[in-house]
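# Structural characterization, general
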Amino acid sequence: MSNEITTHRVQRFFDGITILAQQKMSRLRPIVRNENGISAKQAFFDQIGSTSMQEKTVRHADTPIIEIPHRRRAVTMKSYETADLVGKHDLNTVINDPTSSYGQVMAMAAGRKVDEIITDQFFGTASTGESGTGTAAWPAGSFEVASGSVGLTIAKVLAAKRVLDANENDPSVRRHAVVTAMQVEDLLNTTEIASSDFNTVKALAQGEISSYCGFNFTRYEGLPKTVNDRNCPFFLETSMVLAFGIDVTGQISDRPDKSHDTQIYYSFRAGATRMDETGVIKVLSDES
């Protein structure tokens with residue numbers, strides 16, 4: 001056979017584009033308080049603290065004036081964007097038009113960025129005061145469940161519930177727990193098959209919506225780590241705010257300045273903050 005037969009080798013191409021594995025939507029946006037339509041550089045959220053009463057011991061005594069504490073949290077709005085071009089001459093050389101796929105992966109990227117914005121505020125420093133120049137740092141230790149050099153356990157979940165309850169957080173407000181795949185595995189490994197908890201944890205592992213000990217669990221792989229410990233937030237839905245100035249928006253347009261190529265563009269404007277420290281618990285889970 002001729003040595004030049006290689007020239008006639010078949011190369012087969014298939015229609016369609018496969019989008020590689022990635023988180024395809026925001027997982028945290030649905031489980032925090034959402035505020036939309038913020039047309040400002042900063043958004044402010046006013047708060048009222050608790051007051052007290054004193055015993056009346058004298059008839060016709062002066063009325064006691066007990067000042068009620070006022071607080072404020074600020075959200076700084078920031079803009080985010082991404083874009084890419086699809087060239088008409090390039091399209092003439094390929095089988096698959098990537099325009100639709102570009103839009104899909106950009107929308108997915110926007111969802112992941114929203115989750116990053118929220119995650120940064122779980123245990124970050126919040127802006128406070130009349131003009132947002134004050135700060136409220138995360139109270140390390142006060143609202144933490146220690147690692148103990150072990151992964152996530154049922155005992156840690158119960159401890160998070162105890163701390164939230166002890167601080168008189170409203171039991172009618174939905175509670176959430178954000179964990180990674182490692183913490184789901186921890187729960188499966190520490191729960192006996194014969195236990196009544198096992199089916200609940202198994203449902204969580206299969207990706208179904210699951211609730212345990214009053215917490216709705218959400219898996220999110222972007223949680224921060226401190227050395228070997230994953231920082232898992234257990235929180236009240238109202239204790240975290242996500243504010244949107246402009247929601248996630250996509251546009252497809254002609255670019256005369258780029259040889260009339262097609263531009264796919266996605267953007268949004270948003271910010272987030274922790275509303276109070278007592279409603280957000282950090283559960284440390286060892287991953288070493």
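Everything in this summary refers to the structure shown in the same document.

Rules used throughout
Residues numbered from 1 in each chain as written. Predicted model: local features only at pLDDT ≥ 70, side-chain atom pairs only at ≥ 80, totals over all residues. Heavy atoms only, no water. Buried < 20%, exposed > 50% of the residue type's maximum accessible area, 1.4 Å probe, protein only. Helix = DSSP H or I, 4+ residues; strand = E, 2+ residues; numbered from the N terminus. Pairing = 2+ DSSP bridges. Polar contact = N/O pair within 3.5 Å; in protein donor to acceptor, adjacent residues only side chain to side chain. Lys, Arg positive; Asp, Glu negative; His and termini not counted. Salt bridge = Lys/Arg side-chain N within 4 Å of Asp/Glu carboxyl O. Contact = heavy atoms within 4.5 Å. Axes fitted to C-alpha atoms, helices over the stretch in contact; angles between N-to-C directions. Arc of directions from axis to C-beta. Phe/Tyr/Trp six-rings, centres within 6.5 Å; stacked < 30°, edge-to-face > 60°.

Let's shift gears to the pairing of strand β2 (residues 42-48). Side chains Ala 43, Phe 45 and Gln 47 project from β2 onto a buried face, and the interleaved Gln 42, Phe 44, Asp 46 and Ile 48 project onto a face without burial. Looking at chain direction, β2 and strand β3 (residues 70-76) are connected through 7 bridges and run antiparallel. The residue bridging Phe 45 from the neighbouring strand is Arg 73, located in β3.

Turning next to unusual backbone geometry. One non-glycine residue with positive phi stands out, namely Glu 168, at about 60°. Looking at the secondary structure, you find Glu 168 in the loop between α3 (154-166) and β8 (175-179). Backbone geometry at Val 227 places phi at a positive 55°, although glycine is not the residue there. Mapped onto the fold, Val 227 is located in the loop between β11 (225-226) and β12 (229-236).

Take Arg 230: it is sitting in strand β12. Residue class for Arg 230 comes out buried when judged on its relative accessible area of 13%. In terms of polar contacts, Arg 230 uses its side chain to reach the side chain of Glu 287, at 3.0 Å.

Along the chain, Asp 261 turns up in strand β14 (residues 261-274). No salt bridge is formed by the buried Asp 261; its nearest oppositely charged neighbour, Lys 88, is found at 5.2 Å. With residues up to four places along the chain from it excluded, the contact list for Asp 261 reads Val 86, Gly 87, Lys 88, Ser 253, Asp 254 and Arg 255.

Bringing the pattern of salt bridges into the picture now. Applying the stated criterion across every chain yields a total of 15 salt bridges. Across the salt bridge formed by Arg 174 and Glu 237, the nearest N and O atoms sit 2.9 Å from each other. A residue pair is termed long-range when its members are at least 10 positions apart, and Arg 174 in the loop between α3 and β8 and Glu 237 in the loop between β12 and β13 (240-255) qualify at 63 residues. It is possible to trace a salt-bridge network through shared partners that takes in Arg 73, Arg 274 and Glu 277.

Here we have 4 strands laid out as an open sheet, ordered β2-β3-β5-β6, and antiparallel in their pairing. In this open sheet, the two strands that pair with only one neighbour each are β2 and β6 (134-136). For this sheet the average axis-to-axis angle between neighbouring strands, irrespective of direction, equals 40°. By the bridge criterion, 3 bridges tie strand β5 (residues 126-128) to β6 in an arrangement that is antiparallel. Bridge pairing links Ser 127 to Thr 135 in β6.

Let us now look at helix α4 (residues 181-190). Of all the positions in α4, only Gln 183, Val 184, Asp 186 and Leu 187 are classed as buried. All buried residues of α4 project into a common sector of 155° when viewed along the axis, lining one side.

This next bit is on the sheet that holds β14. The 4 strands are arranged β1-β13-β14-β4 in an open sheet whose pairing can be described as mixed. Each edge of the open sheet is held by one strand with a lone partner, namely β1 (33-35) and β4 (78-86). Neighbour-to-neighbour, the strand axes of this sheet turn through a mean angle of 25°, independent of strand direction. With 13 bridges joining them, β13 and β14 adopt antiparallel strand pairing. Paired with Ser 253 across the two strands is Gln 263, which belongs to β14. Most of the contacts of helix α2 (residues 99-122) go to β14, to which it runs at about 15°, and overall it touches β4, β13 and β14.

All right, on to the packing of aromatic side chains then. Given two aromatic rings, one states the distance between the centres and the angle between the planes to describe the pair. Considering all chains together, one arrives at 7 aromatic pairs under this definition. Ring geometry for Phe 122 and Phe 123: centres 6.1 Å apart, planes at 40°, overall tilted. Taken as a pair, Phe 122 and Phe 123 share a single burial class, namely buried. Geometrically, the ring pair formed by Phe 215 and Phe 234 is edge-to-face, given 5.0 Å between the ring centres and 80° between the ring planes. Of this pair, Phe 215 sits in strand β10 (residues 215-219) while Phe 234 sits in strand β12, and the two are 19 residues apart along the sequence. Neither residue differs from the other here; Phe 215 and Phe 234 are each classed as buried. Feature note: the residues Phe 122, Phe 123, Trp 138 and Phe 235 constitute an aromatic cluster, connected by ring pairs.

That is the geometry; function is a separate question.
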